[in-house]
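Observations on chain architecture
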Amino acid sequence: MTRFSSVLLTVLICLVALGQFVQVITRYVLEIPVMGLEESLLYPTLWLYMLGAVNASRENTHIRANVLEIFLTTERQHQVLAVIGEVISLIVGIWLTTWAWDFTKYSMRVWRESPTLYLPTYYVDVALFVGLVLMMIFTAWHLLMHLRALFSPLAEPAVEGGLK
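The shown structure was predicted, so the numbers you read here are calculated from the model rather than taken from an experiment.

1. Quick notes on the overall build of the protein chain
Of regular secondary structure, the protein chain possesses 5 helices and 0 strands. Counting from the amino terminus, helix and strand elements in the protein chain follow one another as α-α-α-α-α. Relative to a compact globule of 164 residues, whose C-alpha radius of gyration would be 15 Å, the protein chain shows 22 Å and is clearly more extended. With respect to the principal axes defined by its C-alpha atoms, the protein chain has extents near 80 × 40 × 30 Å. Counting over 164 residues, the protein chain shows a buried share of 32%. Within the protein chain, contacts between residues at least 6 apart in sequence are counted, and of these 69% link residues at least 24 apart. Of the roughly 11,500 Å² of accessible surface on the protein chain, 72% is carried by carbon and sulfur atoms. Here the protein chain contributes 10 positively and 12 negatively charged side chains, and the mean placements of these two sets differ by 6 Å.

2. Side note on the packing of aromatic side chains
Per the counting criterion, the structure on display carries 5 aromatic pairs. Here the aromatic rings of Trp 111 and Tyr 122 are separated by 5.3 Å at their centres, their planes lie at 25 degrees, and the arrangement is stacked. Of this pair, Trp 111 sits in the loop between α4 (75-110) and α5 (122-151) while Tyr 122 sits in helix α5; the two residues are 11 residues apart in sequence, bridging distant segments of the chain. Overall, the relative accessible area of 36% leaves Trp 111 in the partly exposed class. Residue Tyr 122 is classed as buried on the basis of its relative accessible area of 13%.

3. Description of the pattern of salt bridges
Counted according to the given criterion, the structure contains 4 salt bridges. With its nearest N and O atoms 3.7 Å apart, the salt bridge here joins Lys 105 to Asp 102. Separated by 3 residues within a single helix, Lys 105 and Asp 102 lie in helix α4, roughly one turn from each other. Judged by relative accessible area, Asp 102 falls into the partly exposed class, the value being 41%. A salt bridge links Asp 125 to Arg 112; the nearest nitrogen and oxygen atoms lie 2.7 Å apart. You can see Asp 125 sitting in helix α5 and its partner Arg 112 sitting in the loop between α4 and α5, a full 13 residues away along the chain. For Asp 125, a relative accessible area of 8% puts it in the buried group.

4. Points about the environment of Leu 8
Structurally, Leu 8 can be placed in helix α1 (residues 2-29). Along the primary structure Leu 8 and Trp 111 are separated by 103 residues, whereas in three dimensions their C-alpha atoms are 26 Å apart.

5. As for α1
Between its terminal C-alpha atoms α1 stretches 39 Å, which fits the 40 Å expected from 28 residues at 1.5 Å a residue. Of all the residues in α1, the buried ones are Ser 5, Leu 9, Leu 12, Val 16, Gly 19, Gln 23 and Thr 26. Here the buried face of α1 lies against α2 (37-59).

6. What about the confidence of the model for the protein chain?
Per-residue confidence for the protein chain averages 89 on the pLDDT scale, and 93% of its residues sit at or above 70. The weakest mean pLDDT in the protein chain belongs to helix α3 (residues 68-71) at 83; the strongest belongs to α5 at 95. Within the model, the stretch residues 158-164 combines pLDDT values under 50 with 0 contacts to residues more than four positions away or in other chains.

7. Points about a nonpolar patch on the surface
Residues Val 80, Ile 84, Val 87, Ile 88, Ile 91, Val 92, Trp 95, Leu 96 and Trp 99 make up a contiguous nonpolar surface patch of roughly 830 Å² in combined accessible area. Here Val 87 is to be found in helix α4.

8. Things to note about the side chain of Ser 114
For Ser 114, the position within the fold is in the loop between α4 and α5. Engagement of the side chain of Ser 114 in a polar contact is seen with the side chain of Glu 39, the distance being 2.8 Å. If we ignore the near neighbours within four places in the chain, the residues touching Ser 114 are Glu 39, Leu 119 and Thr 121.

9. Notes on α4
At 3.6 residues per turn, the α-helix brings residues three or four places apart onto the same side. Along its 36 residues, α4 runs 51 Å from first to last C-alpha, staying within 8% of the 52 Å computed at 1.5 Å per residue. Of all the residues in α4, the buried ones are Gln 79, Leu 81, Ala 82, Val 83, Glu 86, Leu 90, Gly 93, Thr 97, Ala 100, Thr 104 and Ser 107. Those residues of α4 hidden inside the fold are in contact with α3 and α5.

Basis of the calculations
Residues numbered from 1 in each chain as written. Predicted model: local features only at pLDDT ≥ 70, side-chain atom pairs only at ≥ 80, totals over all residues. Heavy atoms only, no water. Helix = DSSP H or I, 4+ residues; strand = E, 2+ residues; numbered from the N terminus. Rg over C-alpha atoms; globule rule 2.2 N^0.38 Å. Buried < 20%, exposed > 50% of the residue type's maximum accessible area, 1.4 Å probe, protein only. Contact = heavy atoms within 4.5 Å. Areas by Shrake-Rupley, 256 points an atom, 1.4 Å probe, with all protein chains shown as cover. Lys, Arg positive; Asp, Glu negative; His and termini not counted. Charge placed at Lys NZ, Arg CZ, Asp CG, Glu CD. Phe/Tyr/Trp six-rings, centres within 6.5 Å; stacked < 30°, edge-to-face > 60°. Salt bridge = Lys/Arg side-chain N within 4 Å of Asp/Glu carboxyl O. Expected span 1.5 Å × (residues − 1). pLDDT = per-residue confidence, 0-100. Patch = residues over 30% accessible without salt bridge, like charges linked within 9 Å, V, L, I, M, F, W, Y side chains within 5 Å. Polar contact = N/O pair within 3.5 Å; in protein donor to acceptor, adjacent residues only side chain to side chain.

This is the structure in structure tokens:
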């Protein structure tokens, strides 16, 4: 799965970069813009954004500003903070996923098309829902791992020097 996601993200970023390169060269150097190139780049760009977020969620490498970790001293406190963070992420993420589902249903019903190439925009719109669902799966997985670490017998601090 890791190999597949890295190859897919690499292909998507190369497509977007190549498309932007062609757009800049044809528009500003050759002064002959390619009509519809921005529309066609919308597909790999949105999927790249969402699958990149899914990858960060899978690897648990989202950017965080955990100021509270500075004041926490034990591993147990860090695990409790991680559980609280994952629960909040899950609540907000599920709320956003329900909105994305409503938007996906609307997009399917309306079946909009892009203005120049008449490409169905549903395949761009569904990326939001798919990405959020996958992120919520990984967030739930990380929550379970943090709970498991929090309640495992090894998480209890050992008393130095034996029993007192």
